[in-house]
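Per-entry structural report
For reference, the chains in residue letters:
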Amino acid sequence: MKITLQFFLLIISTFSFSQEKEVISWINNNATDLLHYSPKEFDSIIKYSNFNTIEADIYGFGEATHHNKEFSELKTSFFKFLVLNKKVKTFILEESYGACFFINEYIHGNQGNLEDLILNFRQHIWKTEEVFDLISWMKVYNDGKPENEKISIYGNDSMFNYGIDTIIKKLCLNENIKLNKEEVELLDYYSNSTFPKKSKQEELIKLFARINQSHEIIQATEALLHYIAFSENPTQKVRDQFMFENVFNIYENKKDKIFVWAHNEHIKKTNLFRDNVPSMGNHLSKKYGKKYFAVGFEFGIGTFFSFNQKENKYSNVILEKPIKNTNSEFLFETKLDVFYLDFETANKNILMNKFLSQKRDYLVIGAYGLVLEYLKYNYARDKYNDMFDGLIYIKKVSNSINLK
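What you see is a predicted model, and the numbers here were worked out from it, not measured in a lab.

All right, on to the overall build of the chain then. Scanning the chain from N- to C-terminus turns up 17 helices and 11 strands. For 404 residues, the compact-globule estimate of 2.2 N^0.38 gives 22 Å, and the chain sits close to it at 23 Å. Taking the principal axes of the C-alpha coordinates as reference, the chain spans close to 90 × 45 × 40 Å. Within the chain, buried positions represent 54% of all 404 residues. Long-range pairs, those at least 24 residues apart, make up 75% of the contacts in the chain with a sequence separation of at least 6.

As structure tokens, then:
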């Protein structure tokens with residue numbers, strides 16, 4: 001009996017290994033190889049891939065970590081492709097409304113120092129040369145175009161208050177809406193990130209009801225109300241709900257196609273792994289169905305930013321092997337160093353469908369980067385098919401280049 005059981009287990013193990021080999025082989029033969037390309041070659045590669053057949057209105061592009069150069073570069077390439085070939089005109093970043101407002105003015109023709117504007121971002125993760133190059137491209141693209149053909153950029157993160165009161169005053173001035181002394185003082189009350197605990201939201205809502213005469217003002221006033229609400233209840237549930245509402249409001253008003261740049265956890269269509277509450281992508285998927293297309297990212301090895309909270313110290317962590325028992329380790333066996341995997345195509349294969357429909361472990365690495373001491377807290381478990389519509393895998397990544 002013991003020998004029979006061992007033989008049976010060996011058969012199961014061998015069959016499982018055989019299945020894994022077939023999955024890897026399918027990816028090798030069918031995924032879109034993205035390793036060697038120039039910008040022109042990238043367009044031709046994507047035009048002949050299944051990605052080009054997608055007809056979505058909102059494209060969410062994630063990242064497995066916030067600090068890696070290759071994620072930013074590939075997302076920029078996909079964004080440019082979508083602008084040039086799919087009429088995407090709106091870019092939404094996981095960042096403060098206020099900082100992105102001034103970036104938007106810059107790409108629409110205002111004078112300014114782009115490096116200074118980027119350094120005003122509330123999140124250090126975007127203060128990089130990769131983001132600088134992306135926004136520079138947006139400005140060049142917009143130059144000379146009529147207003148209705150220009151790209152716009154918005155921030156949709158409610159965690160930050162960057163000059164929203166000043167922006168509201170400026171927009172009112174632009175539209176000849178006069179604010180009295182009490183209204184100016186009311187906005188000044190919320191000018192700091194640490195406003196007094198006693199909220200004056202009732203007065204604020206009355207003011208906004210009077211001045212909300214354009215989409216731009218509505219966006220600004222809602223950004224302030226979202227920030228106040230998040231400050232009073234700083235949870236991921238509230239944060240992702242507001243991230244979704246901002247995308248929803250922009251899309252419903254402008255009807256332009258949208259590119260959303262954020263972490264995998266915000267982009268994915270399932271719940272946030274720690275809090276088990278709907279992500280931004282979950283809300284977008286429920287609201288828009290196939291009009292929302294989500295792309296996740298995974299990595300294998302490389303150099304990673306790391307911040308140790310106990311020691312209050314920044315450092316780099318070098319991974320020479322993929323993290324064990326994760327999707328990243330499994331996909332590292334492919335012969336492709338960088339690839340895009342379209343799930344609709346993959347699901348037509350029985351074994352690929354089984355692979356994408358399994359609950360499997362993956363890593364969630366946020367703003368603090370890869371801290372090996374706390375790695376056990378970064379494991380999540382979910383199905384690729386539930387989370388995303390496609391996946392970009394990069395075997396080896398490097399740190400983003402920070403602006404000085």
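One broad trend across soluble globular proteins is that nonpolar side chains are buried collectively. In terms of nonpolar packing, the biggest core is built from 59 residues, with F51, F61, F79 and F121 touching the most fellow members. Take this core: its biggest share by element is 7 residues, from helix 3 (residues 69-86). Once you skip the residues sitting within four places of it in the chain, F51 turns out to touch I46, Y59, F61, F78, F81, L82, F293 and Y340. Core analysis: the second largest hydrophobic core is formed by 41 residues, Y251, L284, Y362 and A380 among them.

Next up on the list: the pairing of strand 5 (residues 257-261). Across the 5 residues that make up strand 5, a large majority, 5, are buried. For strand 2 (residues 58-61) and strand 5, the ladder comprises 4 bridges, and the chain directions are parallel. Following the sheet pairing, Y59 is matched in strand 5 by F259.

Before going further, it helps to examine the pairing of strand 4 (residues 152-157). In terms of burial, strand 4 is a largely internal element, 6 of the 6 residues being buried. Here strand 3 (residues 88-96) pairs with strand 4 via 5 bridges, running parallel. What sits directly across from T90, in strand 4, is S152.

With that settled, the discussion passes to the packing of aromatic side chains. Tallying each qualifying case throughout the model produces 35 aromatic pairs. Taken together, a centroid distance of 5.7 Å and an interplanar angle of 90° make the contact between F51 and Y340 edge-to-face. In this pair, F51 sits in the loop between helix 2 (39-47) and strand 2 while Y340 sits in strand 8 (residues 338-342), placing the two residues 289 residues apart along the sequence. A centroid spacing of 6.1 Å and a plane angle of 65° characterise the contact between F355 and Y384, whose relative ring orientation is edge-to-face. In this pair, F355 is assigned in helix 16 (residues 350-356) and Y384 in helix 17 (residues 384-387), connecting sequence segments 29 residues apart. When the ring centre of F330 is taken as origin, the NZ or CZ atom of R360, which lies over that ring, is 4.8 Å away. It is K395 that lies over the ring of F332; its NZ or CZ is 5.3 Å from the centre.

Let us look at empty space enclosed by the protein. Per the stated rule, a full pass over the model turns up 3 cavities of 30 Å³ or more. Each pocket or cavity is described by its volume, and for the largest cavity that value is around 60 Å³. Looking at the lining of the largest cavity, the elements with two or more residues in it are helix 12 (264-267), strand 6 (292-308), strand 9 (359-363) and helix 17. Classifying every residue of the lining of the largest cavity gives 7 nonpolar, 1 polar and 3 charged. In this structure, the second largest cavity occupies an estimated 40 Å³ of space. Around the second largest cavity sit Y97, G155, N156, D157, S158, F160, I164, A223, H226 and N246, which together line it. Counting residues per element, the ones that place at least two in the lining of the second largest cavity are strand 4 and helix 10 (215-232). Considering every element that reaches the lining of the second largest cavity, the biggest residue donor is strand 4, with 3 residues. Looking at the lining of the second largest cavity residue by residue, the class counts come to 4 nonpolar, 5 polar and 1 charged.

The next subject is the pattern of salt bridges. This model, assessed by the stated rule, comprises 16 salt bridges. Note that E265 is salt-bridged to K268, the shortest N-O span being 2.9 Å. Note on accessibility: E265 and K268 belong to one class, buried. Note that K269 and D389 form a salt bridge whose closest N and O atoms lie 2.8 Å from each other. Taken together, the residues span a long stretch of sequence, with K269 in the loop between helix 12 and helix 13 (280-288) and D389 in the loop between helix 17 and strand 11 (390-397) at a distance of 120 residues. Through salt bridges with shared partners, one network takes in E55, K86 and K257.

With that settled, the discussion passes to helix 6 (residues 129-142). Here helix 6 is 14 residues long and its end C-alpha atoms lie 20 Å apart, about the 20 Å a rise of 1.5 Å per residue gives. Elements in contact with the buried residues of helix 6: helix 3, strand 3, helix 4 (97-107), helix 5 (114-119) and strand 5. Positive backbone phi, approximately 85°, marks G144, located one or two places after helix 6.

Let us look at helix 11 (residues 236-254). Compared with the 27 Å implied by 1.5 Å per residue over 19 residues, the 27 Å span of helix 11 between its first and last C-alpha is a close match. When we look at burial in helix 11, the residues that qualify are V238, R239, D240, F242, M243, F244, N246, V247, I250 and Y251. Trailing helix 11 by a residue or two, K255 shows a phi angle of about 60°, which is positive.

The next thing to look at is the layout of surface pockets. Estimated volume of the largest pocket: approximately 620 Å³. Along the walls of the largest pocket sit 27 residues, with R274, V364, I365, G366 and A367 positioned nearest its centre. Contributions of two or more residues to the lining of the largest pocket are made by helix 11, helix 12 and strand 6. Looking at the lining of the largest pocket, its residues break down into 12 nonpolar, 10 polar and 5 charged. Taken as a whole, the second largest pocket holds about 500 Å³ of empty space. Every residue lining the second largest pocket is counted, 24 residues in all, and those nearest its centre are Y37, E73, L74, T76 and S77. Secondary-structure elements contributing two or more residues to the lining of the second largest pocket are helix 2, helix 3, helix 6 and strand 11. Ranked by the residues each element gives to the lining of the second largest pocket, the list is headed by helix 3, at 8 residues. Class assignment of the residues belonging to the lining of the second largest pocket gives a composition of 12 nonpolar, 3 polar and 9 charged.

Reading guide: rules and limits
Sequence positions are assigned chain by chain, starting from 1 and proceeding in written order. Local features in this predicted model are restricted to residues whose pLDDT is 70 or higher, and side-chain atom pairs enter the listing and the counts only when it is 80 or higher, whereas totals over whole chains, interfaces and linings include all residues. Heavy atoms throughout the structure, all of them, feed into the side-chain values; hydrogens and water do not. Strands are runs of DSSP state E lasting at least two residues, helices are runs of H or I lasting at least four, and both sets are numbered from the N terminus onward. Throughout, the radius of gyration refers to the C-alpha atoms, and the reference size of a globule is 2.2 Å times the residue count to the power 0.38. When accessible area is computed with a 1.4 Å probe and restricted to protein chains, residues below 20% of their type maximum are described as buried, those above 50% as exposed, and intermediate ones as partly exposed. Here, two residues are considered to be in contact whenever any of their heavy atoms come within 4.5 Å of each other. Buried residues of nine kinds, namely Ala, Val, Leu, Ile, Met, Phe, Trp, Tyr and Cys, make up a nonpolar core once their side-chain atoms join them within 4.5 Å. For two strands to be treated as a pair, DSSP must find at least two bridges joining them. Only Phe, Tyr and Trp rings take part, Trp by its six-membered ring, and two of them pair if their centres are within 6.5 Å. Stacked means planes under 30 degrees apart, edge-to-face means over 60, and tilted covers everything else. By the criterion adopted, a ring carries a charge over it if an Arg CZ or a Lys NZ lies within 6 Å of its centre and within 35 degrees of its normal. For each structure, a 1 Å grid was placed over the protein atoms alone; sets of points admitting a 1.4 Å probe that cannot get out are labelled cavities, open sets with protein on both sides within 12 Å along at least five of seven lines are labelled pockets, and lining residues have an atom within 4 Å of a point. Grid points are joined across faces, edges and corners, and a volume is the space filled by probe spheres set on the points. Asp, Glu, Lys and Arg are counted as charged, while Ala, Val, Leu, Ile, Met, Phe, Trp, Tyr, Cys and Pro are counted as nonpolar; the rest, among them Gly, fall into the polar class. Any carboxyl oxygen of Asp or Glu within 4 Å of a side-chain nitrogen of Lys or Arg constitutes a salt bridge here. For a helix, the expected span equals 1.5 Å multiplied by the number of residues minus one.

Purely geometric stuff here, so don't read any function into it on its own.
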